[in-house]
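Chain residues, written in single-letter form:
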Amino acid sequence: MATATATTSGAAASSSQHPLQNYDEDDEFQDACDNESSNAACGMDLDTALAEAKIAVDLFFNNKFNDAEALMKPMATSSMYHSVGHSVFTYLEAMLTFEQQHIAAASEALKQCLGVCNRYRKKNTLTETIGKTFKKVNYDQYTDQEAHAELCSAEALLLKAMLTFIEDETLTSLIKGGMKIRNCFAMYKECNNILIHRQWQSESSKLHFESGVRMGLGTFNLMISLLPARIIKLLEFIGFSGNKQSGMQDLITGSQSEGIRQVLCVMTLLGYNLIVCYVLSHKEGDLRFCDELLVKQLKLYPNGVWFLFFKGRLEFMKGNLDDALMWYKKSWKSQTIWPQFHHLCFWELLWVNCLRLDWRESLLFATYLVESSKWSRTIYTYQKASIMCMLKPEELHSSEVRTIANLMKEVPKYKQRIAGKSLPMEKFACKKTERFFAQQSFLYVPALELMYVWNLFKILGKHFHLADGVYRIVESNLQHFEERANSKANPTYVVYAADNKALLLLLKGACLRQMNSPLQATRCLEEVIAMYKDLKEDHYLVPYAIVELALIFIDEGNKDKAILALEDARKNYSGYSLESRLHFRIHTALIDLRGKSYESLPTGGE
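Being a predicted model, the structure only gives us computed values, none of them experimental. (Residues numbered from 1 in each chain as written. Predicted model: local features only at pLDDT ≥ 70, side-chain atom pairs only at ≥ 80, totals over all residues. Heavy atoms only, no water.)

### Topic: the overall build of the protein
Along the backbone of the protein there are 29 helices and 2 strands. With 606 residues in all, the protein has 60% of them scored as buried. Within the protein, residue pairs in contact and separated by at least 24 positions form 72% of the contacts whose partners lie at least 6 positions apart. (Helix = DSSP H or I, 4+ residues; strand = E, 2+ residues; numbered from the N terminus. Buried < 20%, exposed > 50% of the residue type's maximum accessible area, 1.4 Å probe, protein only. Contact = heavy atoms within 4.5 Å.)

### Digging into the side chain of K458
For K458, the position within the fold is in helix 23 (residues 457-460). No salt bridge is formed by the buried K458, whose closest oppositely charged neighbour, E284, lies at an N-O distance of 7.0 Å. A distance of 3.3 Å separates the side chain of K458 from the backbone oxygen of H282, its partner in a polar contact. With near-sequence residues (within four places) excluded, K458 lies in contact with C277, Y278, S281, H282, K283 and Q514. (Lys, Arg positive; Asp, Glu negative; His and termini not counted. Salt bridge = Lys/Arg side-chain N within 4 Å of Asp/Glu carboxyl O. Polar contact = N/O pair within 3.5 Å; in protein donor to acceptor, adjacent residues only side chain to side chain.)

### Here we look at the nonpolar core
If you look at the biggest cluster of nonpolar residues, it comprises 199 residues, and the most contacted ones within it are F307, F316, W351 and L448. Here this core gets 13 residues from one element, more than from any other, and that element is helix 13 (residues 262-280). Structurally, this core is a two-domain feature, drawing no fewer than three residues from each of domain 1 (47-122 + 141-199) and domain 2 (452-596). Apart from the residues lying within four places of it in its own chain, the contact partners of F307 are F61, V263, V266, M267, L270, L294, Q297, L298 and Y301. (Core = buried A, V, L, I, M, F, W, Y, C linked by side-chain atoms within 4.5 Å. Domains from an automatic or database assignment.)

### Observations regarding unusual backbone geometry
Here the phi dihedral of N63 falls at roughly 70 degrees; this positive angle occurs in a residue that is not glycine. On the accessibility criterion, N63 (8% relative accessible area) is buried. A positive phi angle is found at L357, which is not glycine, with a value near 60 degrees. Looking at the element boundaries, L357 is found in the loop between helix 17 (342-355) and helix 18 (359-372). With relative accessibility at 26%, the residue L357 sits in the partly exposed group.

### Quick look at a positive patch on the surface
A surface patch of positive charge is lined by K415, R417, K421, K427 and K431. Within the fold, R417 resides in strand 1 (residues 417-418). Since its relative accessible area comes to 43%, R417 is described here as partly exposed. (Patch = residues over 30% accessible without salt bridge, like charges linked within 9 Å, V, L, I, M, F, W, Y side chains within 5 Å. Areas by Shrake-Rupley, 256 points an atom, 1.4 Å probe, with all protein chains shown as cover. Charge placed at Lys NZ, Arg CZ, Asp CG, Glu CD.)

### A few points about the layout of surface pockets
Taken as a whole, the second largest pocket holds about 720 Å³ of empty space. As for the second largest pocket, its lining consists of 22 residues, of which C389, M390, L391, K392 and P393 are closest to the centre. Within the residue set of the lining of the second largest pocket, elements represented by two or more residues are helix 20 (398-410) and helix 24 (464-487). In the lining of the second largest pocket, the residues fall into 16 nonpolar, 4 polar and 2 charged. (1 Å grid on protein atoms, 1.4 Å probe; cavity = no way out; pocket = protein on both sides within 12 Å on 5 of 7 lines; lining within 4 Å. Points joined across faces, edges and corners; volume = space filled by probe spheres on them. Nonpolar A, V, L, I, M, F, W, Y, C, P; charged D, E, K, R; others polar.)

### A word on the pattern of salt bridges
On inspection of all chains with the given rule, the structure shows 30 salt bridges. The salt bridge involving D538 is made with R435; its shortest N-O contact spans 3.0 Å. Linking D538 in the loop between helix 26 (518-530) and helix 27 (541-555) with R435 in helix 21 (residues 424-438), this pair joins segments that are 103 residues apart in sequence. The same class applies to D538 and to R435, which are both buried. Residues joined by salt bridges that share partners form a network here, namely K432, R435, E449, D499, E537 and D538.

### Brief notes about the packing of helix 19 (residues 377-389) against helix 22 (residues 446-453)
Running from N to C, helix 19 and helix 22 point in directions that differ by 125 degrees, and their axes come no closer than 7 Å. Classed by the angle they form, the pair helix 19 and helix 22 counts as oblique. Here Y382, Q383, S386, I387 and C389 of helix 19 come into contact with helix 22, specifically with P446, A447, E449 and L450. Within the contact of helix 19 with helix 22, the residues separate by chemical class into 6 nonpolar, 2 polar and 1 charged. (Axes fitted to C-alpha atoms, helices over the stretch in contact; angles between N-to-C directions. Parallel < 35°, antiparallel > 145°, perpendicular 65-115°, else oblique.)

### Remarks on the packing of aromatic side chains
One pass over the structure, following the stated rule, counts 33 aromatic pairs. Here Y301 and F307 contribute two aromatic rings whose centre-to-centre distance is 5.8 Å and whose plane-to-plane angle is 10 degrees, an arrangement assigned as stacked. When sorted by exposure, Y301 lands in the same class as F307, which is buried. Pairwise contacts between aromatic rings join F60, F61, F65, F89, Y301, F307 and W338 into one cluster. The ring of Y142 has K122 sitting right over it, with the charged end atom 5.9 Å from the ring centre. (Phe/Tyr/Trp six-rings, centres within 6.5 Å; stacked < 30°, edge-to-face > 60°. Lys NZ or Arg CZ within 6 Å of the ring centre and 35° of its normal.)

### Notes on helix 21
Its 15 residues place the ends of helix 21 21 Å apart at the C-alpha level, agreeing with the 21 Å of an ideal helix rising 1.5 Å per residue. Among the residues of helix 21, those classed as buried are M425, E426, F428, A429, C430, K432, T433, R435 and F436. The elements touched by buried residues of helix 21 are helix 19, helix 20, helix 22, helix 25 (497-514) and helix 29 (579-594). Two residues or fewer after helix 21 comes Q440, characterised by a positive phi angle close to 55 degrees. (Expected span 1.5 Å × (residues − 1).)

Structure below.
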């Protein structure tokens, strides 16, 4: 999703303050060119730059990454659109590799880009700056080039802010990054004012500018609207606002235009509907709409790695696992220039095969990730060990038994901190490895547990046989649990008995809900909730069970009981694993049930 991240920055504007006040003191800029001679001294004219940038976009989405980079790089020190294009490419490489030299190169390219963009931005006198406070801004004073410079500035500033979070893990860096993003949002809103109030002489220039405004403002509004209410209230206090309906409309409008950022609007819509909705909510994305978008994009970019990937994701979300495998493999094999992109496909192929209960095939892709990817060695290592744990003892070689133990020992060694904080999923994995050794090298269905917390169980409901396969594994493990309980052969059994049983019952209840057996599912989930005081470590199971119960009430049309259950999970439980992840899902469910969102909050404009 690095591209989706990059595209978030697609529109910008100067705030109502002096333009330079939007930047951090660490950012350096070259001297501004004189407006009358800027074309000759600073680079090519705007129309030519836009035309070349459009060619580069087409090259990029046709997998001709080197050609796109070769077109952008020579003019990156003088043309703002070439500079943005070059910095986006270096940023994507940094996100895909997570290697320090690429992160440093991206940071330098973005600093250079901000300097280039600043040359073309409108320069206000002190009188003009003070006057903005007291009278309406005359946006007709902006030239086309100055308007586009605002857009490109915000684009680069947002990427710089995102890079800040991984460049430096201190609290100071986190605050700096947050302030840059806040400035970006203000710039996007000001760009919207330029779009609306300025008299445009060139329709082509306006078209490309508008696609950028739609892209940036739409993405901001959409993503902010997803956040839990308590976070939104804090963001409102510091100047953010989120309007989901407005954000979606901006992105849809942008996706239907012929502007330079049209394809980026499409990418954001696909990312939202096919990934964000599934990770952060109980609802599905608009699969029919995604199908329509992909038909058009695959005609334009038939071998484009990104759209082949999203086609695989679409089939995955439909539960068409064989088709998903085919499209993911097409995406994986469509290019070799950026092998790091293969890791996205391997991640998806891992989980598709888990849902197919093909543990050996899944293990193959888990191994690729452990050996090749640097995104999160902790998560990848635990995933590989978890998948191996799903194999029956008689299917494991003695060397593989030792491998599982070695992998579990390795998991905590790679735990990292992003923006000064540990990743919740990495902390979860480390806790599970501790349990593995405390239970004498044993865990109950760890891969199924991961499938559940990654919110993949909703795919089980697409086809009965998928849910039934997982259900049978859970039932078999429950039987095994009871046998161990009766024999009491393992002294550590009693310590974690409640945790293990509650996990299996939660997974059973979740399966039964997907199999349209609400009464049986409810009994399992209520038993989990009743075990809260007996749990030693896995307290997350109870609020997750309550939310699962709320989803049953929603399915039955019992809105009031669903709201009560969701509020119970939100207010009465805290400090458990993966809490934020569940709060996102509770937030979106409550908005749907109450028939309201943050629709009344202001977006762009005055």
